[in-house]
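As a plain string of letters, each chain reads:
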Amino acid sequence: MKLKIVLTILCALTLTAVLSVVALHHRNHPSAMAIAGARTFEVHGQIRSVDASKKTLRITHEEIPDYMPAMTMPFPVKNAALLRGLAAGDSVQFELVVTDDDSWIARIEKIHTDTPVEPVKAEQTTLSLQDREAERVQIGEIVPDFTLTDQNGRVIHLSDFRGKAVVLTFIYTRCPLPNFCPLMSKNFSQLEERLSAEFTNRYQLLSVSMDSDFDTPEVLKEYAARYNANAKDWTFATGDAEQIKLVAGLIGLYYVKENGLISHDLRTALIGPDGRLVHLWKSNVWTPYEVQRMVRETLTGDKYVAAQKNP
Ligand SMILES: [Cu+2]
């Protein structure tokens, strides 16, 4: 019995030692840990807003060496209890965990400091959420036509896809947060697989870049290959700043350039074959299955109940 206890304590001590070495290693060599799948960063910032329903904190943070310049970003927490007692204006120190397909705040504490983190001067201004919501296309309304350039350098219009269900989302190829743009593209890749089996030639996926400075057709073409996109039913599109602004405005996207990267939220729209807005997802909380189900409803009129029997 005694031996068992001693062994347990020994085990626990060894584990603690190993974990602290790993933690130190993470902190000193964040990029070296990419192979293991998780990197952690100690970040200093100031809270701009707390969104309890989305379990998200909007934080203006200082530069994260080897990862991200200083900017204002929404960061998710997995544990809602972490949000308790936090409010806009608080100076905080937090631990950001980044894996290949996720990122989140694992620990956060308020700190007292005389030098609050100043927001980076945004290169453009954007409307408030309320105004964006009021000015975007509403559900059931026709989405006005727009012009962009695809990954092959061809001019495209939304109206080219009339008669098909169009799923439109926004990305930019340099996005560093795995649960933002990379997740959208990963989801679209799965969605393409699902839809191509069920609705060949009756749907179109459209990923619009919000980074007109960097995402040229060539860059988008390389990015599309990374996600095994089939050019036939998945278009990547870019345009000049005005063209992008127009499309973003139609869907109510928030995006602001900061230090060369883009602070943004997520918007994914389903547009029916008649050109009307059917549904709008405003976060990353949607699954390819859910969108497939809505595309099916849109194209066939079959309701979810029918779909559930035969997913
Ligand atoms: Cu992004």
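Residues numbered from 1 in each chain as written. Predicted model: local features only at pLDDT ≥ 70, side-chain atom pairs only at ≥ 80, totals over all residues.

(A) Structural context of the overall build of the protein. The number of helices and strands found in the protein is seven helices and 14 strands. Counting only residues that meet the buried cut, the protein has 33% of its 311 residues in that class. Considering only residue pairs separated by 6 or more positions, the protein has 64% of its internal contacts joining residues 24 or more positions apart. (Helix = DSSP H or I, 4+ residues; strand = E, 2+ residues; numbered from the N terminus. Buried ≥ 20, exposed ≤ 12 C-beta atoms within 10 Å, placed from the backbone. Contact = placed C-beta atoms within 7 Å.)

(B) Layout of the sheet that holds strand E4 (residues 91–99). Strands sit in the order E3-E2-E1-E4-E5 across an open sheet of five strands; the sheet is antiparallel. With partners counted over all chains shown, the strands left at the sheet margins are strand E3 (71–76) and strand E5 (103–110), one partner each. Averaged over all pairs of adjacent strands, the angle between strand axes in this sheet comes to 45 degrees, irrespective of strand direction. (Pairing = 2+ DSSP bridges. Axes fitted to C-alpha atoms, helices over the stretch in contact; angles between N-to-C directions.)

(C) Broad picture of the sheet that holds strand E9 (residues 203–209). Read across the open sheet, the seven strands follow the order E7-E6-E10-E9-E8-E13-E14; overall the sheet is mixed. A single partner strand is all that each edge strand has here, and the edge strands are strand E7 (155–157) and strand E14 (277–281). This sheet shows a mean twist of 30 degrees between the axes of neighbouring strands, independent of strand direction. Relative to E7, strand E6 (residues 147–150) runs antiparallel, the two being bridged by three bridges. Each residue of the ladder has a partner; that of Thr149, found in E7, is Val155. Relative to the sheet, helix H4 (residues 217–226) contacts E6, E9 and strand E10 (234–238), its axis offset from that of E10 by approximately 150 degrees.

(D) The arrangement of the pairing of strand E8 (residues 165–171) in detail. Counting buried positions along E8 gives seven out of seven residues, so the element sits mostly inside the fold. Taking every second residue as pointing to the same face, both faces of E8 are buried, with Ala165, Val167, Thr169 and Ile171 on one and Val166, Leu168 and Phe170 on the other. Taken together, the seven bridges between E8 and E9 define a ladder with parallel strand orientation. Within E9, the residue paired with Val167 across the bridge is Leu205. Each parallel crossover has a hand, and the one from E8 via helix H3 (residues 181–198) to E9 is right-handed. As defined by bridge partners, E8 adjoins strand E13 (residues 268–271) across four bridges and the pair is classed as antiparallel. When the bridges of E13 are listed, Val167 appears paired with Leu270. (Right-handed = clockwise from strand over helix to strand, strands pointing away.)

(E) Local environment of the environment of Asp51. Note that Asp51 resides in strand E1 (residues 38–51). A count of 13 C-beta atoms within 10 Å places Asp51 in the partly exposed class. In the structure, Asp51 is positioned 36 residues away from Ala87 in sequence and 9.8 Å away in space, judged by C-alpha atoms.

(F) Focus on H4. When H4 is considered as a whole, its buried residues turn out to be Leu220, Tyr223 and Ala224. Down the axis, H4 shows its buried residues gathered within 105 degrees of arc, on one side only. Within H4, the exposed residues directed more than 90 degrees away from the buried face are Glu218, Ala225 and Arg226. On its buried face, H4 sits against E9 and E10. Backbone geometry just after H4 places Asn228 at a positive phi near 50 degrees. (Arc of directions from axis to C-beta.)

(G) Summary view of the nonpolar core. Val167, Leu168, Leu270, Ile271 and Val295 are the most contacted members of the largest nonpolar core, which has 65 residues in total. Per-element tally for this core: the top contributor is E8, with six residues. Taken together, domain 1 (37–120) and domain 2 (129–309) each give at least three residues to this core, which thus spans both. (Core = buried A, V, L, I, M, F, W, Y, C linked by C-beta atoms within 7 Å. Domains from an automatic or database assignment.)

Limitation: the analysis is restricted to geometry and does not speak to function.
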